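# Structural features, examined
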Amino acid sequence: MTDTSTATAASVPLAPRALPLLGHALPLLRDPLAFIMSLSGYREMVRVRLGPSTAMMICDPDLTRQVFLNDRVFDKGGPIYDRIREVIGDGLSTCPYPLHRRQRRLCQPSFHPTRLAGYGAVFARAAEAKAGSWRDGDVLDITQEMMTLTTRATMETMFSGSLPAETMRRALADTSTIVTAFFRRMMTPALLRRVPTPRKRRYDQARDRLSATIAEIIAERRADPTDHADLLSTLVAAVDEESQDGQKQLSDTELADEALTFFLGGMETTAITLAWAMHLLATNPDVQHSLRAETDQILAGGKVDPARLPSLDLAARVVTETLRLYPPAWMMTRAVRQDTELGGVRLEGGSTIVLSPYLLHRRPDLYPEPDRFDPDRWLGGQPDRAAYIPFGAGARKCIGDQFALTEAILALTAIVARWELTPVGDQPFQPKVETSLSSRGLRLRISERRTSGTGDAEPHSTTPRSTPARPSTPPGADGCPVKH
């Protein structure tokens, strides 16, 4: 029986500045982070209008965790995942609840801890090669550089060895076109999304080419059943003994969906995280100095080694703090599959829930001085599972979280061991807030380190000298949280 004391959704406050027909689409497009942070005063939930539809924005960490843990009721859905499905279909990150458990069982062997050592070796080689390709004094488009690095690493871990240069170039360009379009398509009414604009034609062509590239790779692999010791071989060979419908292995369509999911997720979100980490180090030289000291002590002049990963404590904390400040999946949606109650409010089946790691990660009651880059805030232990959610939580938590963290920590170590990072100019960098918190267009200057070895310097305090302001964000449309 329903508790008569439970409030209705209509009793929840509506966020200000909603316009007829458009709802809050304009402030979300103009300055999405400012709009999201304007809701931080609502401690539990607030209603947000996306076009003619109304969604419930969850602002409380405990309620957010309840949504994550009850994926039967709060299923993957809503405008974000509707757009992602246009590209990756019903892959692990987007499939509805009835399909998820089987797909998770089939994909889990690909991310078993015993495989991380092999993946780590690939990450280390790719990072060393990228760091070795730069020249002293170069000014780099650092996001593009990191995209190239993670693309090569993802290609090798997924498809055993690099693909032809033209195939990789095309895949990188098509991926950039696709992720750049997600956010704007998410906020555009369905009728307008069908208008054949040049932007839409570029998006459709890129999506079709990338799908064809993946399908061609899968067809070649089906014809050659040799175990290539890569992620795709594991997916092809995976068997689900618990399957109730006789579908014990992934079909070609499912393989394509999973390959696209892991390709986009492994490439784009990790590249963005690395770019943000390098930006934060460049603008906080004391932290960068301390990280160099750690790197010199552990590597002792040698190359980055995955076996040393547990010793890279400050590098891990830098990545953790980067993901707090700039979680790639800054906003997520869920579809309510049946009438339910959350936080004393009745929600109808078919309604939409909106979650924001960015909002939670910058609440001052959860994180003192939330806009300050401070890796030392993680010295006390593991992050709070409810208040720190860059990879989601529950059964739908990112299956590749350790994959991504391993790659980011090793790559950052390889780069800092060789190069000093400094900003270009004195103007604050403005993020491009899209489906991901994109660092597209970020440029840094690199300078070859003049000294190396364990005697470089004593580590300084990692307390940064400057506090970056909360980014002011122009409209954009980019990356997707495909790994969640």
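The rules we used
Residues numbered from 1 in each chain as written. Predicted model: local features only at pLDDT ≥ 70, side-chain atom pairs only at ≥ 80, totals over all residues. Heavy atoms only, no water. Disulfide = S-S within 2.5 Å. 1 Å grid on protein atoms, 1.4 Å probe; cavity = no way out; pocket = protein on both sides within 12 Å on 5 of 7 lines; lining within 4 Å. Points joined across faces, edges and corners; volume = space filled by probe spheres on them. Nonpolar A, V, L, I, M, F, W, Y, C, P; charged D, E, K, R; others polar. Pairing = 2+ DSSP bridges. Helix = DSSP H or I, 4+ residues; strand = E, 2+ residues; numbered from the N terminus. Salt bridge = Lys/Arg side-chain N within 4 Å of Asp/Glu carboxyl O. Buried < 20%, exposed > 50% of the residue type's maximum accessible area, 1.4 Å probe, protein only. Axes fitted to C-alpha atoms, helices over the stretch in contact; angles between N-to-C directions. Contact = heavy atoms within 4.5 Å. Phe/Tyr/Trp six-rings, centres within 6.5 Å; stacked < 30°, edge-to-face > 60°.

## Here's the deal with the state of the cysteines
By the definition in use, this model includes 0 disulfides. Left without a disulfide partner, Cys 95 is nearest to the cysteine sulfur of Cys 107, which lies 8.6 Å away.

## Focus on the layout of surface pockets
If you roll a probe as big as a water molecule over the atoms, it shows you where there is empty space left. Its boundaries defined by the atoms lining it, the largest pocket holds a volume of some 710 Å³. Surrounding the largest pocket, 27 residues form its lining, Thr 320, Gln 382, Pro 383, Tyr 388 and Leu 405 being those nearest its centre. For the lining of the largest pocket, the class distribution of residues is 13 nonpolar, 7 polar and 7 charged.

## Regarding the pairing of strand E13 (residues 443-448)
With 3 bridges connecting them, strand E5 (residues 139-141) and E13 associate as antiparallel partners. Within the sheet, the bridge partner assigned to Leu 140 lies in E13 and is Leu 444. As paired strands, strand E10 (residues 419-423) and E13 are joined by 5 bridges and run antiparallel to one another. Bridging across to E13, Pro 423 finds its partner in Leu 444.

## Points about the pattern of salt bridges
Summed over the entire model, instances satisfying the criterion amount to 29 salt bridges. Taking the shortest distance from any N to any O, the salt bridge between Glu 321 and Arg 377 comes out at 3.0 Å. Of this pair, Glu 321 sits in helix H14 (residues 313-325) while Arg 377 sits in the loop between helix H15 (357-361) and helix H16 (401-418), and the two are 56 residues apart along the sequence. Assessed through its relative accessible area of 0%, Glu 321 is described here as buried. In the salt-bridge network here, residues are joined through shared partners; they are Lys 200, Asp 204, Arg 207 and Asp 208.

## Quick notes on helix H4 (residues 79-88)
A large share of H4 lies buried, amounting to 7 of its 10 residues. Looking one or two residues past H4, Gly 89 carries a phi angle of roughly 60 degrees, positive in sign.

## Here we look at the sheet that holds strand E9 (residues 352-355)
Read across the sheet, 5 strands follow the order E2-E3-E9-E6-E4 without closing on themselves; strand pairing throughout is mixed. The two strands at the open ends of the sheet, each matched to only one other strand, are strand E2 (45-50) and strand E4 (74-76). Adjacent strand axes in the sheet meet at a mean angle of 40 degrees when their direction is disregarded. On top of the sheet, helix H3 (residues 61-69) reaches E2, strand E3 (53-58), E4, strand E6 (332-336) and E9; it is set at about 125 degrees to E9, its chief contact.

## A word on the packing of aromatic side chains
Across all of its chains, the model carries 9 aromatic pairs by this definition. Relative to Phe 262, the ring of Phe 111 lies with its centre 5.0 Å away and its plane at 70 degrees, an arrangement referred to as edge-to-face. Of the two residues, Phe 111 is situated in the loop between helix H5 (97-107) and helix H6 (113-132) and Phe 262 in helix H12 (residues 252-282); the sequence distance between them amounts to 151 residues. Owing to a relative accessible area of 12%, Phe 111 belongs among the buried residues under this scheme. Grouping aromatic residues by their ring pairs yields a cluster made of Phe 111, Tyr 119, Phe 123, Phe 262 and Phe 403.

That is the geometry; function is a separate question.
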